Amino acid sequence: MIGDVLPTTPNESPNWHRLRHAIRSTWPNRHGRSSDIATLVGCSGGADSVALIRLLAELWAEESNALAPANEAAAKPVAPLVVAHCNHGLRGEESNADEAFVRQLCEQLQLPLVVHHVAQPSESATTGPPSDERTLRGIRRDFFERTAKQHGCRYVAVAHSADDQAETMLHHFIRGTGPLGLAGIAEVSELNTDIVLRRPLLQVRRGTLRAGLREIGQTWREDASNQHTVYTRNWIRHDVLPLIESRYPNAVEAIHRAGTLQHELNEMMRRLAERWLEAFTDFSDDRWIIRTQRLSQSTNPERGTVDTDTTCDWMFERPVIVAASQLAWDRLGWSRGSMTMQHWQRLSGLINDRSSWHTSSGATPADKADDGIDHGGHFPGGICVSIETEQLVLRSE
Ligand SMILES: Nc1ncnc2c1ncn2[C@@H]1O[C@H](COP(=O)(O)OP(=O)(O)OP(=O)(O)O)[C@@H](O)[C@H]1O
């Protein structure tokens, strides 16, 4: 049973009511019910995730109340709504106070809470606890995945907002990124094959979340380190975006729209890349084999172009080959971390190099990058390319 939440009217709390509407329209609704899929919600104690657990708790409470009186025997009870808090222990007492805050909120809402204390290094350790954002996110992700599995949760919900989306996309943009990075954060993605990660507040502005919380008298925790503009992400949040918005007031929405369109293009590219893999390649143990004979059969030797009777010329376009290579890397569990766009493009050039398709077995492809150096078919992460009879073979060294 979920704790009572104070009812308010739209006049008293217009922002909160807008948020309730937003969550109802984005959260999946099957046969008129949203609360029948067990869900884990990540809550740091910050405004966005406090708003998310309050909103989901209200949704669950409403549906639970609506079901109870009519036909108790037939009514299917609401599924568990579980809160997860990760105490990274990076800010000493502040971190413990965040945990205590989330604990108290969960008690008030009568929601079960699972807390993970990240192991701190021993006194003799020479390095401190991991503190870079990427590592912390990885720790939370593993914790969410584990806990969702333990509690039979099919969904994990986190509270990224439209502002997070715009900040992330701008960050990717200025740091350098490919099509995936330009799409920003996905509203729905897979945490693993059984668990779906949802971000139901991705269309909502951070200001609206805070205004809504103030209207219902709900407090939250402020992380003081979010104010330090020495970190690029905070600098974008506090200096860059406000400056952009002073001239383009709808910039956040516009960036969001661009991300959605890019996401659609990426989906299309993924489907083409899968077809490419299926048509021309095989996987064997830890090797990726590109059947150059099949590639060559798909071209018309007289014209030196793709034979559109048997295939389509999109199959030889660089973005398709790059996307297919990235999928192949994922399938083989090879790290994409050090592969830059230049590396992917160089690989695509090697695959598309018709002169190598008929070279005798055992050769190493001539592989000149923009730097003019022959890299001998070597790629970061110890991946190398060799030519064998009518095939290019990539393997981990
Ligand atoms: N320590 C944590 N424990 C549990 N969930 C977390 C934690 N940190 C972040 N999350 C989840 O991941 C989402 C995005 O992380 P981010 O670092 O942007 O959050 P945040 O800055 O702490 O903001 P907020 O809690 O206000 O959403 C959060 O909204 C929350 O749902």
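Our subject in this report is the structure included herewith.

What counts, and at which threshold
- Residues numbered from 1 in each chain as written.
- Predicted model: local features only at pLDDT ≥ 70, side-chain atom pairs only at ≥ 80, totals over all residues.
- Heavy atoms only, no water.
- Helix = DSSP H or I, 4+ residues; strand = E, 2+ residues; numbered from the N terminus.
- Buried < 20%, exposed > 50% of the residue type's maximum accessible area, 1.4 Å probe, protein only.
- Contact = heavy atoms within 4.5 Å.
- Areas by Shrake-Rupley, 256 points an atom, 1.4 Å probe, with all protein chains shown as cover.
- Patch = residues over 30% accessible without salt bridge, like charges linked within 9 Å, V, L, I, M, F, W, Y side chains within 5 Å.
- Salt bridge = Lys/Arg side-chain N within 4 Å of Asp/Glu carboxyl O.
- Pairing = 2+ DSSP bridges.
- Core = buried A, V, L, I, M, F, W, Y, C linked by side-chain atoms within 4.5 Å.
- Polar contact = N/O pair within 3.5 Å; in protein donor to acceptor, adjacent residues only side chain to side chain.
- Phe/Tyr/Trp six-rings, centres within 6.5 Å; stacked < 30°, edge-to-face > 60°.
- Lys NZ or Arg CZ within 6 Å of the ring centre and 35° of its normal.
- Axes fitted to C-alpha atoms, helices over the stretch in contact; angles between N-to-C directions.
- Parallel < 35°, antiparallel > 145°, perpendicular 65-115°, else oblique.
- Nonpolar A, V, L, I, M, F, W, Y, C, P; charged D, E, K, R; others polar.

### A word on the overall build of the protein chain
Right, so step 1: Along the protein chain, the regular secondary structure elements total 13 helices and 13 strands.
Right, so step 2: Burial statistics for the protein chain: of 397 residues in total, 45% are counted as buried.
Right, so step 3: In the protein chain, 67% of the contacts between residues at least 6 apart in sequence involve partners at least 24 apart.
Right, so step 4: Within the structure as shown, the protein chain displays about 20900 Å² of accessible surface, and the carbon and sulfur contribution to it stands at 51%.

### Quick notes on a nonpolar patch on the surface
Right, so step 1: Together, Phe173, Ile174 and Trp235 give the surface a local cluster of nonpolar side chains, amounting to about 350 Å² of exposed area.
Right, so step 2: Structurally, the position occupied by Trp235 is in helix 8 (residues 232-247).

### Side note on the pairing of strand 12 (residues 383-388)
Right, so step 1: Judged by how many residues are buried, strand 12 sits mostly within the fold: five of six residues are covered.
Right, so step 2: Bridge analysis of strand 11 (residues 378-379) against strand 12 gives two bridges, and the strand direction is antiparallel. When the bridges of strand 12 are listed, Phe379 appears paired with Ile383.
Right, so step 3: Here strand 11 folds back onto strand 12 in antiparallel fashion, the turn holding three residues, of which Gly381 has a positive phi close to 85°.
Right, so step 4: Where strand 12 and strand 13 (residues 391-396) come together, six bridges link them in antiparallel fashion. Looking at strand 13, one finds that Ile383 is bridged to Ser396.

### Topic: the nonpolar core
Right, so step 1: With 36 residues, the main nonpolar core has Leu52, Leu56, Leu201 and Leu213 as its most contacted residues.
Right, so step 2: Listed by contribution, the elements that provide at least two residues to this core are helix 1 (14-26), helix 2 (47-67), strand 2 (81-87), helix 3 (93-109), strand 4 (155-157) and helix 7 (206-215).
Right, so step 3: If you tally residues by element for this core, the top one is helix 2, at 10 residues.
Right, so step 4: Discounting chain neighbours no more than four positions away, the residues touching Leu201 are Ile23, Asp48, Leu52, Leu55, Ala159, His160, Ser161, Ala162 and Leu209.
Right, so step 5: One finds Trp276, Leu295, Ala328 and Leu350 within the second-largest nonpolar core, a separate group that totals 32 residues.

### Here we look at the side chain of Thr168
Right, so step 1: Following the sequence through the fold, Thr168 ends up in helix 5 (residues 162-175).
Right, so step 2: Using a relative accessible area of 11% as the deciding quantity, one classes Thr168 as buried.
Right, so step 3: Engagement of the side chain of Thr168 in a polar contact is seen with the backbone oxygen of Asp164, the distance being 2.7 Å.
Right, so step 4: Not counting chain neighbours up to four residues away, the residues in contact with Thr168 comprise Ile185 and Arg233.

### Some words on the packing of aromatic side chains
Right, so step 1: Considering all chains together, one arrives at eight aromatic pairs under this definition.
Right, so step 2: Here the basic side chain of Arg198 rests over the ring of Trp27, its NZ or CZ set 5.9 Å away from the ring centre.

### Topic: the packing of helix 11 (residues 318-332) against helix 12 (residues 341-351)
Right, so step 1: Relative to each other, helix 11 and helix 12 sit at 105°, their axes nearing to 9 Å. Between helix 11 and helix 12, the angle is such that the two are roughly perpendicular. Here Arg318, Ile321, Val322, Ser325, Gln326 and Trp329 of helix 11 come into contact with helix 12, specifically with Met341, Trp344, Gln345, Leu347, Ser348 and Ile351.
Right, so step 2: Of the residues contributing to the contact of helix 11 with helix 12, the split by class is seven nonpolar, four polar and one charged.

### Focus: the pattern of salt bridges
Right, so step 1: Applying the stated criterion across every chain yields a total of 25 salt bridges.
Right, so step 2: The partner of Arg20 in a salt bridge is Glu58, with the nearest N and O atoms 2.4 Å apart. Placement of the pair is Arg20 in helix 1 and Glu58 in helix 2, with a sequence separation of 38 residues.
Right, so step 3: Since its relative accessible area comes to 16%, Arg20 is described here as buried.
Right, so step 4: Close ionic contact of Glu167 with Arg206 constitutes a salt bridge, the shortest N to O distance being 3.0 Å. Of the two residues, Glu167 sits in helix 5 while Arg206 sits in helix 7, which places them 39 residues apart along the sequence. As far as the burial class goes, Glu167 and Arg206 line up, both buried.
Right, so step 5: Shared partners join several salt bridges into a network, and the residues in it are Asp48, Asp164, Glu167, Arg206, Arg233 and Arg237.

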